[in-house]
Amino acid sequence: MYRPLGMTVSRHIMDLQRMHPEATGDLSGLLNELIVAAKTISAEVNMAGLADVLGMSGKTNIQGEEVQKLDEFADNTIKRRMARCGYLCVMTSEEEEDIIPVREGYEGKYTLAFDPLDGSSNIDVNVSIGTIFSIHRRKSDDGKSPFGRRNTDIEEEWHPAEGKPGSALDILQKGCYQVAAGYIIYGSSTMLVFTTGEGVHGFTLDPSVGEFYLSHPEIRIPQRSKYFSVNEGNYSYWNDNMRRYINYLKEQDKENGRPYSSRYIGSLVADFHRNLITGGIFLYPKDNKDPAKPSGKLRLLYEAAPLAYIVEQAGGRAITGDGREIMEIEPEELHQRVPLIIGSRYDIDEAEAFLDGRK
Ligand code: P6P
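Keep in mind the model is a prediction, meaning the values are calculated, not measured.

*Asks:* Which parts of the structure should I look at to understand unusual backbone geometry?
*Replies:* The phi torsion of most residues other than glycine is negative, and most of the peptide bonds are trans. Cis peptide bonds are those with omega within 30 degrees of zero, and the linkage from R258 to P259 qualifies with 10°. Counting through the fold element by element, P259 comes out in the loop between helix 5 (240–250) and strand 12 (261–262). In this structure, N126 is a non-glycine residue whose phi angle is positive, near 60°. Locating N126 in the fold gives a position in the loop between strand 5 (110–118) and strand 6 (129–137). Its identity is not glycine, yet E218 carries a phi of approximately 45°, on the positive side. Here E218 is to be found in the loop between strand 10 (211–216) and strand 11 (227–229).

Right under this line is the structure:
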């Protein structure tokens, strides 16, 4: 499909919809509502240094983390706007313990999982942060996911329980059943990057117009990289295979493109976005640093699964490092954590060989 630069994201979404005559326009409406929420958050984030929104809110979230005022603002902005958009049957937020119901009488056929402001510990030091979202179709009355195959782009004959509130069961679906996933990165510019299963496209916000314009059509992650992103401060908590892999990347072997360079911001969306554009491998493996988090720090529904969908659509790969593809994990609870190793396919394959003990 021809995508001229200067194309707005709204036009891009409508063009995608036109490619599916059976589409009802609900997904387009849902994405456009999310985009309005993103613009609202972007304006607040960019004012953070000036307005009295810096610092802590004095509350803690389900993860036991201090909730920053901007976290709260972002969470509320998305919740309030999406609760009555009419396209969702249920939502869940990384900041909230339980599912978030939609307004009665406004129930629709999709579900939304979101991390309203990931990397919030970086807010006060002006490091890029981001919003991550993941969209599924609700399960049908018989409790089955509507599609049996990955990244379906065909609306099969299916009758959702229209008009009924959704439940956690509608949320707890494999990443491969996602209908759309994306993130907004609030950095030197605000960018929206998302997929609906037909490639990955990036849009940059022109704040003077309030429009997202296509700036990165058909994003493809380089198959091999020269960057690795990991918090080496956790080295002593990793297993031997993980240590061997990172040591291997740092060895001098110019013929085989090593040593790699280390790039780690400590803000997942920023680290992921850089790797998506330049190539790279990001690792947040399981470690024995915190007995309460044996599977690492990152969450499946709000971080790993949406970014896995994006990276696979861009030609990359996402695994746990203990034999599982992120997109195939059956979620068991809303705030489930998983190890995340994601990025350029060659590097993920090589990391997997070390972590399996095969290399
Ligand atoms: P660490 C930010 O708090 C976050 O959730 C992700 O954005 C980031 O990738 C990770 O934690 C950083 O964790 O343990 O390296 O500080």
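After presenting the structure, the write-up continues.
*Asks:* Help me understand the sheet that holds strand 11 in this model?
*Replies:* Consider a sheet: its strands pair through backbone hydrogen bonds, and that pairing is either parallel or antiparallel. What the five strands build is an open sheet, ordered 12-11-13-15-14; its pairing is mixed. Each of the sheet's edge strands pairs with one partner strand only, and the pair in question is strand 12 and strand 14 (317–319). With three bridges joining them, strand 14 and strand 15 (residues 340–343) adopt antiparallel strand pairing. Along strand 15, the bridge assignment pairs R317 with G343. Against the sheet, helix 5 makes contact with strand 11 and strand 13 (281–284), and its axis sits at roughly 150° relative to strand 13, the strand it touches most. This element, helix 7 (residues 300–313), spans strand 14 and strand 15 of the sheet and lies at about 25° to strand 15.

*Asks:* Would you mind showing me how to read the sheet that holds strand 10 here?
*Replies:* In spatial order, the strands read 4-3-5-6-7-8-9-10; together these eight strands make up an open sheet with mixed pairing. Only two strands of the sheet have a single partner each, and these edge strands are strand 4 (100–101) and strand 10. Bridge count between strand 9 (residues 200–206) and strand 10: five bridges; the pairing is antiparallel. Following the sheet pairing, T204 is matched in strand 10 by Y213. Packing of helix 1 (residues 9–18) onto the sheet brings it into contact with strand 8 (190–195), strand 9 and strand 10, and relative to strand 8 it is tilted by some 5°.

*Asks:* In this structure, what is going on with the site of the ligand? I would like to understand it.
*Replies:* Taken together, D118, G119, S121, N231, Y264, G266, S267, L268, F282, Y284 and K297 form the complete shell of residues around the ligand. Contact distances for the ligand include 3.1 Å between an oxygen atom and a side-chain N or O atom of K297. Within the complex, the protein chains bury 85% of what would otherwise be the 400 Å² of accessible surface of the ligand. In terms of residue class, the shell around the ligand is built from four nonpolar, five polar and two charged.

Calculation criteria
Residues numbered from 1 in each chain as written. Predicted model: local features only at pLDDT ≥ 70, side-chain atom pairs only at ≥ 80, totals over all residues. Heavy atoms only, no water. Helix = DSSP H or I, 4+ residues; strand = E, 2+ residues; numbered from the N terminus. Pairing = 2+ DSSP bridges. Contact = heavy atoms within 4.5 Å. Axes fitted to C-alpha atoms, helices over the stretch in contact; angles between N-to-C directions. Near = heavy atom within 4 Å. Polar contact = N/O pair within 3.5 Å; in protein donor to acceptor, adjacent residues only side chain to side chain. Areas by Shrake-Rupley, 256 points an atom, 1.4 Å probe, with all protein chains shown as cover. Nonpolar A, V, L, I, M, F, W, Y, C, P; charged D, E, K, R; others polar.

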